[in-house]
Amino acid sequence: MKKNYYVTTPIYYVNDQPHIGHAYTTLLADVLANYHRLLDTPTFFLTGTDEHGQKVQQAADKNGITAQEQCDQTVVRFQELWDRLEITNDDFIRTTEPRHKKIVQEVLQDLYDRDEIYRAEYEGWYCVGCERFFTEKDLVDGNCPDCGKKVEAIQEANYFFRMSKYQDWLINHIETHPEFIQPAFRANETLGFLKTKELQDLCISRPKARLAWGIELPFDHEFVTYVWFDALLNYITAIGYKSDDKKFNQWWPATQQLIGKDILTTHTVYWPTMLKAMGVELPQSVFAHGWWLTGRTKMSKSLGNVVDPMEMVDRYGVDAFRYFLVAEMTLGQDASFTEEAFIRRYNSDLANDLGNLLSRTVNMLGRYCNGTFPTLGKTAIETGPEKELWETVQQAVIDMEESINTMRLNNGIASVLTAVRKVNQYFEIKQPWTLAKEGKTEDVATTLGLAAEALRVCSALLYPVMPKQMSALRSIFGLTKPNLEHLRIFGVITAGITIPKIDPLFPRVEQPKEEKPSQPTQKKQTKKSATPQKTTEKQEGIITYDDVMNVKLCTAKIVTAAKLEGADKLLKLQVKVGDETRQIIAGIAQHYSAEEIIGKTIIIVANLKPAKIRGVESQGMLLCASTGDHLKLITVDGELPNTGALVK
Ligand code: MSP
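Residues numbered from 1 in each chain as written. Predicted model: local features only at pLDDT ≥ 70, side-chain atom pairs only at ≥ 80, totals over all residues. Heavy atoms only, no water.

Enquirer: An account of the overall build of the protein chain is needed here, citing residue identities and associated values.
Expert: When you go through the protein chain residue by residue, the secondary structure sums to 22 helices and 26 strands. Viewed in the frame of its principal axes, the protein chain has a C-alpha envelope of about 95 × 55 × 45 Å. Across the protein chain, the fraction of contacts at a sequence separation of at least 24, relative to all contacts at a separation of at least 6, is 73%. When the accessible surface of the protein chain is summed, it comes to about 29000 Å², and 50% of that surface belongs to carbon and sulfur atoms. One way to put it: in the protein chain the 75 positive side-chain charges average out to a point 5 Å from where the 83 negative ones average out. (Helix = DSSP H or I, 4+ residues; strand = E, 2+ residues; numbered from the N terminus. Contact = heavy atoms within 4.5 Å. Areas by Shrake-Rupley, 256 points an atom, 1.4 Å probe, with all protein chains shown as cover. Lys, Arg positive; Asp, Glu negative; His and termini not counted. Charge placed at Lys NZ, Arg CZ, Asp CG, Glu CD.)

Dropping the structure here:
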């Protein structure tokens, strides 16, 4: 029997609208859930909203509405965003729902009856922003140790959970279960704190006189429960704790509880001790990821630099947005979000590498195989560059599996992109266009068929991240949802099917003209940026005077050159620009022979929209100097370590 997979996200406060930080945790959970579904693992994915507590009450007061109205209005924004991002959660829990409140009260009553919760007079310091109590010793310069803000002296009766008695047990659990807190350095953070400080009992009540918006304590109607005590329980109330044993036992303990690093203590100290007191097993793993920063600054509403996920999706499409977030962040560490970095990655990974490979493969299948998928010999991948290419594709399969198990998703994605680039290089080695000219039809068929097979495997590996676009890619080759058992098999695409003509899957995007990395608000930047559609309208192989200022000139090495059939003046060049290989059709055949220009390092316009010249795609323009009948290529004086250098 396959092991069940239960993944959770934090439940988000409904005091404000979601930004990309919130979107990220949910997206990560979605990608993980999708991978496990592909593996046929029974999967349950939970997210939701945290609707009680001071933050929500304060937002409601500010907006002049009731706390419940605040919840009902804001929850929709989260739900709409999850729909837009194609999030496939199996349940959405709101902590104001009766199914949750009822069980929270049962847990409270049970713990109170068993003396795990007691009443005491409390005298100490309270941080309103963090909603937490501190002792004199905890304070840093007399202020809150977490947020640094002023604390209030408080004296009141409250209820306390006997958290302190679990200190040694918790240290032992963390030390004997290295997978419990991930990444490992976060476990050390919690351990460091547990080993140097005496754990206090946790105040789990708030007098209604101070805060009424919460779940009432069943044993004292003058109090509501502390928002974290209520919120953490969502992970089990949603799956039937004390209401549906069968469902609960099916999913609990959770496999992966994803959180941001900001809520490590609540999830690795409060939560496990609460479960221990309740006699419930602990989750297998709590994984804390880092922060998304805007540039180098923490994303925060007060700084005006939050990135609105809806805007990004409107501009670039849901899959590109999903791809960027997952590919860009090394799990555990902070990552920086700028629209410039987004566009850079989009253009290089999706437009140039993956999108271009797909276009080339499909176009050549059309041209050289009459738009029909060829029959491939099973031995095609047993030797030579075919073997090498297939091994790289298979390495991506291994790496992706490993990266999911070790929570290093960006490594898995990088490996898939390596395979994609390898196919582009394979085309340069095989030159199917030359093979076709020489009438080597079988060889052409193998080359193009293998490229399509590689695309099939890569699209399956990227499917959990980009379900929409990868479905579109797969449908070109007559494929539906990926079947992971097919990943290691060669020759799955049906011979004889018709390969349709396609539009680019990921049209190139221009960097916004006015963008400067240091601009203060993301919103302002994004308004001015280009869309893929706009790019298409704007570039018709012509650039205006203004555009000259934005022309990207790069060095490129000529790898191959050949006369373009039926055109006296044109040479077809393959040039290397960094890691990328491009095809350029240049009107220089009357000045240079193909042989004499191979190996030269020239200058090309790299951000010119690809255009068809005599039906052949040209992906850039090279620079020449010419007077009357004379023409000379502009070349680079000497060697640089790499091509693709920006010309300044
Ligand atoms: N309601 C609590 C969580 C209760 S869970 C039982 C809470 N909510 S929150 O709305 O503030 O969301 C916190 C979570 O949102 C973080 O832990 C993280 O998962 C995500 N993020 C919010 N801002 C973020 C970034 N800038 N970067 C990455 N993720 C962050 O805390």
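Enquirer: So, the pattern of salt bridges: which residues are in play, and what are the values?
Expert: Counting across every chain of the model gives 33 salt bridges. For R322, the salt bridge identified is with D30, shortest N-O distance 2.7 Å. Taken together, the positions of R322 in helix α12 (residues 318–328) and D30 in helix α1 (residues 20–38) put the pair 292 residues apart, joining distant regions of the chain. With respect to class, R322 is no different from D30; both count as buried. The salt bridge partner of K387 is E391, with a shortest N-O separation of 3.3 Å. Residue K387 and its partner E391 are both found in helix α14 (residues 384–405); the two are separated by four residues, about one turn of the helix. (Salt bridge = Lys/Arg side-chain N within 4 Å of Asp/Glu carboxyl O. Buried < 20%, exposed > 50% of the residue type's maximum accessible area, 1.4 Å probe, protein only.)

Enquirer: So, helix α5 (residues 167–176): which residues are in play, and what are the values?
Expert: Among all positions of α5, only Q167, L170, I171, H173 and I174 are buried. Burial along α5 is one-sided: seen end-on, the buried residues are contained in an arc of 165 degrees. Residues of α5 that are buried sit in contact with β8 (181–182), α6 (184–196) and α10 (264–278). (Arc of directions from axis to C-beta.)

Enquirer: Tell me about the site of the ligand, residues and numbers included.
Expert: Around the ligand, the structure places 23 residues, and the nearest of them are I11, T25, D50, W291 and W292. Separating a nitrogen atom of the ligand from a backbone N or O atom of G21 is a distance of 3.3 Å. Interatomic distance of 3.0 Å between a backbone N/O atom of G260 and an oxygen atom of the ligand. In isolation the ligand offers 670 Å² of accessible surface; the protein chains occlude 94% of this area. Secondary structure elements with two or more residues in the shell around the ligand: β2 (12–13), α1, α7 (227–232), α8 (234–237) and β13 (256–260). (Near = heavy atom within 4 Å. Polar contact = N/O pair within 3.5 Å; in protein donor to acceptor, adjacent residues only side chain to side chain.)

Enquirer: Can you tell me about the nonpolar core, naming the residues and giving the values?
Expert: Counting residues in hydrophobic clusters, the biggest one holds 105 residues, and the most contacted among them are W292, F337, L354 and F477. Once residues within four sequence positions are removed from consideration, F477 is found in contact with L358, V362, L365, F373, A452, L455, I493, I497 and I499. Membership of the second largest hydrophobic core comes to 60 residues, among which are F44, I259, L275 and M278. (Core = buried A, V, L, I, M, F, W, Y, C linked by side-chain atoms within 4.5 Å.)

Enquirer: Go over the sheet that holds strand β10 (residues 205–207), please, and point to the residues and values.
Expert: Spatial ordering of the open sheet is given by β10-β12-β11, a layout of three strands whose pairing is antiparallel. Both outer strands of the open sheet, β10 and β11 (216–217), are each paired with one neighbouring strand and no more. (Pairing = 2+ DSSP bridges.)

Enquirer: Outline the domain arrangement of the protein chain, supporting the account with residue identities and numerical values.
Expert: Assigned domains of the protein chain: these are domain 1 (338–486) and domain 2 (547–633). Between the C-alpha centres of domain 1 and domain 2 there is a distance of 26 Å. Contacts between the two partners involve eight residues from domain 1 and, on the opposite side, eleven residues from domain 2. Summing the contributions of domain 1 and of domain 2, the shared interface buries around 890 Å²; its carbon and sulfur component is 35%. The three residues of domain 1 that bury the most area against domain 2 are E428, W433 and K437, which together make up 37% of that side's buried surface. At the junction of domain 1 with domain 2, the criterion picks out zero salt bridges. If you list the elements that add at least two residues to the side of domain 1 that touches domain 2, you get α13 (339–368) and α16 (432–437). The leading source of residues in the side of domain 1 that touches domain 2 is α13, at four residues. Classifying every residue of the side of domain 1 that touches domain 2 gives one nonpolar, three polar and four charged. (Domains from an automatic or database assignment. Buried area = accessible area lost by both parts, 1.4 Å probe. Nonpolar A, V, L, I, M, F, W, Y, C, P; charged D, E, K, R; others polar.)

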